[in-house]
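Notes for the structure review
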Amino acid sequence: MPNERLRATMASGGWTYAALAAKTDVDPKSVERWVNLGRTPRRATAMLAAETLGEDVHALWPTLRQPRAARAVSPELVALYDQRADVPVSTIVDVLSQAREQIDVLVYAAVFLHEAYPRLNDLLRERAADGCTVRIAVGDADSPNVRQRGREERFGHGIESRCRLALMHYRPLIGTPGIDIRTHGTTLYNSLYRADDQVVVNAHVFGVNAYSAPVWHLRQHADGSLFDTYADSFDAVWATAQPAPREH
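Residues numbered from 1 in each chain as written. Predicted model: local features only at pLDDT ≥ 70, side-chain atom pairs only at ≥ 80, totals over all residues. Heavy atoms only, no water.

**Regarding the packing of helix α9 (residues 144-152) against helix α10 (residues 158-170)**
Packing of α9 against α10 brings their axes to within 8 Å, and their N-to-C directions diverge by 130 degrees. Accordingly, the angle class assigned to the pair α9 and α10 is oblique. Counting all contacts with α9, which are made through Val146, Arg147, Arg149 and Gly150, the residues of α10 involved are Ile159, Glu160 and Cys163. Residue composition of the contact of α9 with α10, by class: three nonpolar, one polar and three charged. (Axes fitted to C-alpha atoms, helices over the stretch in contact; angles between N-to-C directions. Helix = DSSP H or I, 4+ residues; strand = E, 2+ residues; numbered from the N terminus. Parallel < 35°, antiparallel > 145°, perpendicular 65-115°, else oblique. Contact = heavy atoms within 4.5 Å. Nonpolar A, V, L, I, M, F, W, Y, C, P; charged D, E, K, R; others polar.)

Laid out in structure tokens, this is it:
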């Protein structure tokens, strides 16, 4: 059955199949099937299309209102750890070492990486030299959100000094082709260590230091959306981040 609501919305806005396809990163034939055959796109794609058209996603695709059955295990889940302290640093290092196209790191400080693996900067330089795009976002020590996290985790001003220490570790990479170091002041809901289609996520829990909070290792999968959720989150923070100063 054709999706007449979608057809009318596109017509009123002057949207062609090709134009909407370009905005949602799909083939124009997919958009044509949405309209003429009533096909429902993946939830993330549908939400993007609805936002682009300025329409409610459930008005365009009512079936998305239907609750989906919970899965006992996500096909994207590689491993789950009760706390970061249980994760061998080699796990994160191995993930970053496997990157061929992209490395993204989003943290406030995470100085444990440099402390446990002093060759981290060398590894990032090597990956960048082989064609990887490396983006590192560390916390702005002067950000109110960083200070608030220190109070919530009972870290006090220690977290601010650790943000400065993290930047000191990464500062030698500033100016390296393929590597971009920035600082951000956003609320950090999760620390992310992403390499191509893998991401290690360190959740943050109110009143608990990051090393005591859960960690999950994900690998992108066609039947899941968790990886994309975290990848999009990184991009949103990155858009707000500022280039790191060469000198403090």
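**Description of the side chain of glutamate 76**
Topologically, glutamate 76 is positioned in the loop between α5 (57-60) and β1 (77-81). By relative accessible area, glutamate 76 is classed as buried at 1%. For glutamate 76, the side chain forms a polar contact with the main-chain nitrogen of phenylalanine 227, separated by 3.0 Å. Other than its neighbours up to four places away in sequence, glutamate 76 contacts His217, Leu218, Arg219, Gln220, His221, Gly224, Ser225, Leu226 and Phe227. (Buried < 20%, exposed > 50% of the residue type's maximum accessible area, 1.4 Å probe, protein only. Polar contact = N/O pair within 3.5 Å; in protein donor to acceptor, adjacent residues only side chain to side chain.)

**Re the packing of aromatic side chains**
Summed over the entire model, instances satisfying the criterion amount to three aromatic pairs. Relative to tryptophan 61, the ring of tryptophan 34 has its centre 5.8 Å away and its plane inclined at 85 degrees; by these criteria the two rings are edge-to-face. Separated by 27 residues along the polypeptide, tryptophan 34 in helix α3 (residues 28-36) and tryptophan 61 in the loop between α5 and β1 bring together distant segments of the chain. For the pair formed by tryptophan 34 and tryptophan 61, the shared burial category is buried. Consider the rings of phenylalanine 112 and tyrosine 193, whose centres lie 6.5 Å apart with planes at 75 degrees: the pair is edge-to-face. Of the two residues, phenylalanine 112 sits in helix α7 (residues 112-116) while tyrosine 193 sits in strand β5 (residues 190-195), which places them 81 residues apart along the sequence. A relative accessible area of 15% places phenylalanine 112 in the buried class. (Phe/Tyr/Trp six-rings, centres within 6.5 Å; stacked < 30°, edge-to-face > 60°.)

**Some words on the nonpolar core**
If you look at the biggest cluster of nonpolar residues, it comprises 35 residues, and the most contacted ones within it are Ile103, Leu124, Val134, Ile136, Tyr170, Ile181 and Tyr193. Listed by contribution, the elements that provide at least two residues to this core are α6 (89-97), β2 (102-106), α7, α8 (120-129), β3 (133-139), α10, β4 (179-184) and β5. Apart from residues no more than four positions distant in its own chain, isoleucine 103 is found in contact with Leu96, Leu124, Arg127, Thr133, Val134, Arg135, Arg194 and Ala195. Counting 18 residues, the second-largest nonpolar core is a separate cluster that includes Ala137, Ile159, Val201 and Trp238. (Core = buried A, V, L, I, M, F, W, Y, C linked by side-chain atoms within 4.5 Å.)

**Here we look at unusual backbone geometry**
Here the phi dihedral of aspartate 25 falls at roughly 60 degrees; this positive angle occurs in a residue that is not glycine. Positioned with a positive phi, aspartate 196 is a non-glycine residue whose angle comes to about 50 degrees. Judged by its relative accessible area of 17%, aspartate 196 is buried.

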